[in-house]
Amino acid sequence: MALYTDGKVAFVSSDTPEANAAREALISHHGDAGIENASIVVALGGDGLMLETLHRVMDRNVPVYGMNFGTIGFLMNDYNADALDVRLRAALPTRIHPLAMRVTDSDGKVSEALALNEVSLYRSSYQAAKIRIAIDGETRLEELICDGIIVATPAGSTAYNLSAHGPILPITAPLLALTPISPFRPRRWRGAILSNRANITFTTQENGKRPVSAVADNVQFDNVVEVQVHESRRHSATLLFDPGHSLDERVLIEQFRY
């Protein structure tokens, strides 16, 4: 994999003393090409830093190799400063596609954002949200009364989606998870598994009384009245994992934990 061995490596870190110290030590040994010139980026932190870095290099064909300095580090490899060049040469790529979110707010303003993990809608007040759900233009649920709802990619299915009791999706599966957050009515509805070709439309009800926010990873829009979501095949990002530590393997392991 010559792409990963040409010396153009950039190092980024989360704002913690441990991650920053590791970054300085690695730069002193390997140098730093800078994220704009790198052919590979090494991210030292947690899953949040990984998502931030993937957004920065998306569509530039620059893979990101993460080493964990966070709490969970689902998207990261174990930290080890030894033989980094060997690990980068042996690393296996996983390409993921983001969700494209298009929101219209109560003032009629239209905004767009991309999400590698999930798009989420949340109630913004003490009032439960009321949301109509349409798939490919056909209404499937006239009214969901809830705290919110999530559309998760396979990569994001083990994040907030799993905490909300949504399904874990194999990373290569052409699927999306649609998962309600604290559903009140219909109480027994637990969500759906959709094709990654599905076009999902959420329409908020009584939005003056029941304001709703929409979030794509870490980008938030308030007072939304309509949110359209679909997987974007025009955009992609690439993660690198040590052999035996791939995202496929980690998703499989997660399903057998108890």
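By the naming in an unreviewed UniProt entry, the protein is NAD kinase, taken from Pelagibacterium nitratireducens. The heading Catalytic activity (unreviewed entry) in the UniProt record of the protein holds the text "NAD(+) + ATP = ADP + NADP(+) + H(+)". Here the protein is described in UniProt, under the heading Cofactor (unreviewed entry), as follows: "a divalent metal cation".

Draft legend 1. Region of the structure containing the UniProt feature "active site" (unreviewed entry) in the protein. Taking the UniProt record as the reference, the feature "active site" (unreviewed entry) is found at Asp47. Tracing the backbone shows Asp47 in helix 2 (residues 47-57). Residue classification places Asp47 among the partly exposed positions, given a relative accessible area of 21%. Sequence-distant contacts of Asp47, defined by excluding residues within four places in its chain, comprise Ile72, Gly73, Phe74, Leu75 and Met76.

Draft legend 2. Broad picture of the sheet that holds strand 5 (residues 99-105). Reading across the sheet, the six strands line up as 6-5-16-13-8-9 and stay open at both edges, with antiparallel pairing between neighbours. Pairing within the sheet leaves two strands with one partner each, and these edge strands are strand 6 (110-115) and strand 9 (138-146). For this sheet, the mean inter-axis angle between neighbouring strands, taken without regard to orientation, is 20°. The pairing of strand 5 with strand 16 (residues 224-231) spans seven bridges and is classified as antiparallel. Residue Thr104 lies in a different strand from strand 16, and its bridge partner there is Glu226.

Draft legend 3. Representation of the side chain of Thr153 within the structure. Relative to the assigned elements, Thr153 resides in the loop between strand 10 (148-152) and helix 4 (160-163). Apart from residues lying up to four places away in sequence, Thr153 is in contact with His97, Leu99, Ala115, Leu116, Asn117 and Leu176.

Draft legend 4. Spatial organisation of the nonpolar core. In this structure, Met101, Leu121, Ile133, Phe202 and Val227 are the most contacted members of the largest nonpolar core, which totals 29 residues. If you tally residues by element for this core, the top one is strand 8 (residues 129-135), at four residues. Beyond its immediate stretch of four places on either side in the chain, Met101 contacts Ser111, Glu112, Ala113, Val119, Ala214, Val215, Ala216, Phe221, Val227 and Gln228. Within the second largest apolar cluster, 27 residues are counted, among which are Val12, Leu51, Ala155 and Ala237.

Draft legend 5. How the structure looks around the side chain of Glu231. You can see Glu231 is positioned in strand 16. One polar contact links Glu231 to Asn196, side chain to side chain, over a distance of 3.0 Å. Side-chain polar atoms of Glu231 contact the side chain of Arg233, separated by 2.7 Å. Setting aside its immediate chain neighbours within four residues, Glu231 contacts His97, Pro98, Leu99, Leu176 and Asn196.

Draft legend 6. Representation of helix 1 (residues 17-30) within the structure. Taking 1.5 Å of rise per residue, 14 residues should cover 20 Å, and helix 1 covers 20 Å from first to last C-alpha, within 8% of that figure. If you check which residues of helix 1 are buried, you get Ala19, Ala22, Leu26 and Ile27. Axial view of helix 1: buried residues confined to an arc of 135°, hence all on one face. Residues of helix 1 that are exposed and point over 90 degrees away from its buried face: Pro17 and Ser28. Of the surrounding secondary structure, the elements contacted by the buried residues of helix 1 are strand 1 (9-13), strand 2 (40-45), strand 3 (64-68) and helix 3 (84-90). Phi turns positive one or two residues past the end of helix 1, at Gly31, with a value near 80°.

Basis of the calculations
Residues numbered from 1 in each chain as written. Predicted model: local features only at pLDDT ≥ 70, side-chain atom pairs only at ≥ 80, totals over all residues. Heavy atoms only, no water. UniProt positions renumbered as here; feature names shortened; annotations may be inferred. Helix = DSSP H or I, 4+ residues; strand = E, 2+ residues; numbered from the N terminus. Buried < 20%, exposed > 50% of the residue type's maximum accessible area, 1.4 Å probe, protein only. Contact = heavy atoms within 4.5 Å. Pairing = 2+ DSSP bridges. Axes fitted to C-alpha atoms, helices over the stretch in contact; angles between N-to-C directions. Core = buried A, V, L, I, M, F, W, Y, C linked by side-chain atoms within 4.5 Å. Polar contact = N/O pair within 3.5 Å; in protein donor to acceptor, adjacent residues only side chain to side chain. Expected span 1.5 Å × (residues − 1). Arc of directions from axis to C-beta.

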